[in-house]
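The primary structure of each chain is shown beneath.
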Amino acid sequence: LKVAINKDRVEAFDNLSAKSSKLLDETINSSKEYSVLFADSFGKDYNRNEDMYEYIQNKAAELDVENSILLLFDSTDKRCITSNGQSFIIDDGKVFETGDEGSVTVSYLQAPPEPQYMIFTNKLDKPVEAVYQKQKIIVTHTAVAMSVDYLFAKADSDLPADVDSFFVDENNEMVASRIITGLGISGDSFFSELFLYNFVKNEDREEYCEKLDEGIPFTYEFTYKGKPYAVGISKIADTEMKYVVVINSDDIGDSVEAALYRVITLCMIIVILLGFSAFFITFYFKNKL
C-alpha cells in the first residue's frame, strides 16, 4: 500500500505541475498576443493630434486580459507612460532589447517595493511622434504588463496547498518569487551546486542537468530539514525563463492516501456484504432442503 501511495503521489504532483505550467503558459501567451496586436494597431489608429493619455485610456478599456496595464516607451530617454496615468524613467534596459517577436521580461514599474510585472514589449517599425499632456514625445516601443502576483496565483490555483513559486531567468537566477510556506531556499538555489550535490541523488544528476539545460519539464522529490518536498520545473511559454514550484510532499500524499483508504474501505465493506449475502443464501437453501 505504501508503495502504491508513493507512486500515486508522484503521479499526482506530475499532473498538478503540468497543469499549473499549462495555465501559466495560456495566460502569458494571451498577453503576448495582445501586445503584438497593440503594437500593430498603434501606428495605424493613433491620431497625432490626440493626447496620448486619452488614447491609451481608451485602449486600456479594450484590454480583455486581467490584471494588466498598457505601456508606451520612449527608448531615447527610457521614459515609460502607463495606462493608469503614470510617467517615469525605467532603469531596466532589458525591456528595450526586443527581437522580431518582441521580448518578455520581469521588472518593477518604478522602484521596489512597487509590484512586479511581466512585460511583453514590441518595438515599433517606425518611431511615432505623440503628444502627452501637451508635451511632445517619441514612442519607440509599446507593451502590455501583467501583474506577477496574478500570474503566480493563476498558476498555483489548482494546487492542493500553499506552495513556494519562483520565476528564474536564462542564467537560473531568481527574478520573482511567491514564498508562502517558508521553505527558506531561494529560487536560484535549486540550480546551484549546493542543491545539486546535497539533494539530487548521484544516479539522477545527469538526467536532472540534461532536462534543466534543455528546458524539458520535470518533477523531482527531495528531503530538506527532515521533510519531504517535491519540486516541479518547467519552461515559461516561448521564453528563456523557468517556472519553479515547490510543495511539501505530505500535502500531496495526504489527499492521495485518504482517497486510497476510502477506496479500500469501500471494497472491504462490499466484500463483507457479499460474504454475508452468500452465507444467508447458503443457509436458506440448506434449510429448504
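Right above here is the structure, for reference.
Nothing here was measured: the structure is a model prediction, and the numbers come from that model.

So, how was this worked out
- Residues numbered from 1 in each chain as written.
- Predicted model: local features only at pLDDT ≥ 70, side-chain atom pairs only at ≥ 80, totals over all residues.
- Heavy atoms only, no water.
- Helix = DSSP H or I, 4+ residues; strand = E, 2+ residues; numbered from the N terminus.
- Buried < 20%, exposed > 50% of the residue type's maximum accessible area, 1.4 Å probe, protein only.
- Polar contact = N/O pair within 3.5 Å; in protein donor to acceptor, adjacent residues only side chain to side chain.
- Contact = heavy atoms within 4.5 Å.
- Salt bridge = Lys/Arg side-chain N within 4 Å of Asp/Glu carboxyl O.
- Pairing = 2+ DSSP bridges.
- Axes fitted to C-alpha atoms, helices over the stretch in contact; angles between N-to-C directions.
- Phe/Tyr/Trp six-rings, centres within 6.5 Å; stacked < 30°, edge-to-face > 60°.
- Patch = residues over 30% accessible without salt bridge, like charges linked within 9 Å, V, L, I, M, F, W, Y side chains within 5 Å.
- Areas by Shrake-Rupley, 256 points an atom, 1.4 Å probe, with all protein chains shown as cover.
- Lys, Arg positive; Asp, Glu negative; His and termini not counted.
- Charge placed at Lys NZ, Arg CZ, Asp CG, Glu CD.
- Core = buried A, V, L, I, M, F, W, Y, C linked by side-chain atoms within 4.5 Å.

Draft legend 1. Representation of the side chain of Gln-116. Within the secondary structure layout, Gln-116 lies in strand S5 (residues 116-132). By relative accessible area, which is 16% here, Gln-116 ends up buried. At 2.8 Å, the side chain of Gln-116 forms a polar contact with the backbone oxygen of Val-175. What Gln-116 contacts, discounting residues up to four positions off in sequence, is Val-106, Ser-107, Tyr-108, Met-146, Ser-147, Val-148, Val-175 and Ala-176.

Draft legend 2. Structural context of the pattern of salt bridges. For the coordinates displayed, the defined rule picks out four salt bridges. With a closest N to O distance of 3.8 Å, Lys-136 and Glu-129 form a salt bridge. The salt bridge involving Asp-156 is made with Arg-178; its shortest N-O contact spans 2.9 Å. Taken as a pair, Asp-156 in the loop between helix H3 (148-155) and strand S7 (164-168) and Arg-178 in strand S8 (residues 174-178) lie far apart in primary sequence, 22 residues in all.

Draft legend 3. The sheet that holds strand S6 (residues 135-147), seen in detail. The strand order S3-S2-S1-S6-S5-S4 describes an open sheet built from six strands, whose pairing is antiparallel. Each end of this open sheet is capped by a strand with a single partner; those strands are strand S3 (87-89) and strand S4 (103-108). Going across the sheet, the axis of each strand differs from the next one's by a mean of 40°, ignoring polarity. Relative to S6, strand S1 (residues 68-74) is paired through six bridges, and the arrangement is antiparallel. If you follow Phe-73 over to S6, its bridge partner there is His-141.

Draft legend 4. Molecular detail of the pairing of S7. A large share of S7 lies buried, amounting to five of its five residues. Neither face of S7 is exposed, since Asp-164, Phe-166 and Val-168 on one face and Ser-165 and Phe-167 on the opposite face are all buried. Where S7 and S8 come together, four bridges link them in antiparallel fashion. Note that in S8 the partner of Val-168 across the bridge is Met-174. Connecting the antiparallel pair S7 and S8 is a turn made up of five residues, with Asn-172 showing a positive phi of about 60°.

Draft legend 5. Up close: the packing of aromatic side chains. A full pass over the atoms with the stated rule returns eight aromatic pairs. Geometrically, the ring pair formed by Phe-42 and Tyr-55 is edge-to-face, given 5.7 Å between the ring centres and 70° between the ring planes. Placement of Phe-42 in helix H1 (residues 2-45) and of Tyr-55 in helix H2 (residues 52-62) is noted, with a sequence separation of 13 residues between them. Exposure class is identical for Phe-42 and Tyr-55. Each is buried. Look at Tyr-208 and Phe-218: their rings are 5.4 Å apart centre to centre, the planes differ by 80°, and that puts the pair in the edge-to-face class. Of this pair, Tyr-208 sits in helix H5 (residues 205-214) while Phe-218 is found in strand S9 (residues 218-224), placing the two residues ten residues apart along the sequence.

Draft legend 6. Quick look at a negative patch on the surface. Negative charge collects at one region of the surface, where Glu-206, Glu-210, Asp-213 and Glu-214 lie side by side. Topologically, Glu-214 is positioned in helix H5. Judged by its relative accessible area of 52%, Glu-214 is exposed.

Draft legend 7. Highlighting unusual backbone geometry. Positive phi, close to 60°, is recorded for Lys-78, a residue that is not glycine. The topology assignment puts Lys-78 in the loop between S1 and strand S2 (79-82). Residue classification places Lys-78 among the partly exposed positions, given a relative accessible area of 36%.

Draft legend 8. Quick peek at H3. Looking at H3, one finds that the buried residues are Val-148, Tyr-150, Leu-151, Phe-152 and Ala-155. A distance of 3.3 Å separates the backbone nitrogen of Asp-149 from a side-chain oxygen at the start of H3, and that oxygen is part of Ser-147.

Draft legend 9. Focus on the nonpolar core. In this structure, Leu-24, Ile-28, Met-118, Leu-151, Phe-167, Ile-236 and Tyr-243 are the most contacted members of the largest nonpolar core, which totals 25 residues. Mapped by element, the contributors of at least two residues to this core are H1, S4, S5, H3 and strand S11 (242-248). Per element, the largest residue contribution to this core is five residues, and it comes from H3. Ignoring sequence-local partners within four residues, the contact set of Tyr-243 consists of Ser-20, Ser-21, Leu-24, Ala-155, Asp-156, Ser-165, Phe-166, Phe-167, Gly-232, Ile-233, Ser-234 and Ile-236. Counting 19 residues, the second largest nonpolar core, distinct from the first, contains Met-52, Ile-56, Leu-63 and Leu-124.

Draft legend 10. Examining the environment of Lys-94 more closely. Relative to the elements of secondary structure, Lys-94 occurs in the loop between S3 and S4. Spatially, the C-alpha atom of Lys-94 lies 10.0 Å from that of Thr-121, the residues being 27 residues apart in sequence. The residues contacting Lys-94, other than those within four sequence positions of it, are Ser-103, Thr-105 and Glu-170.

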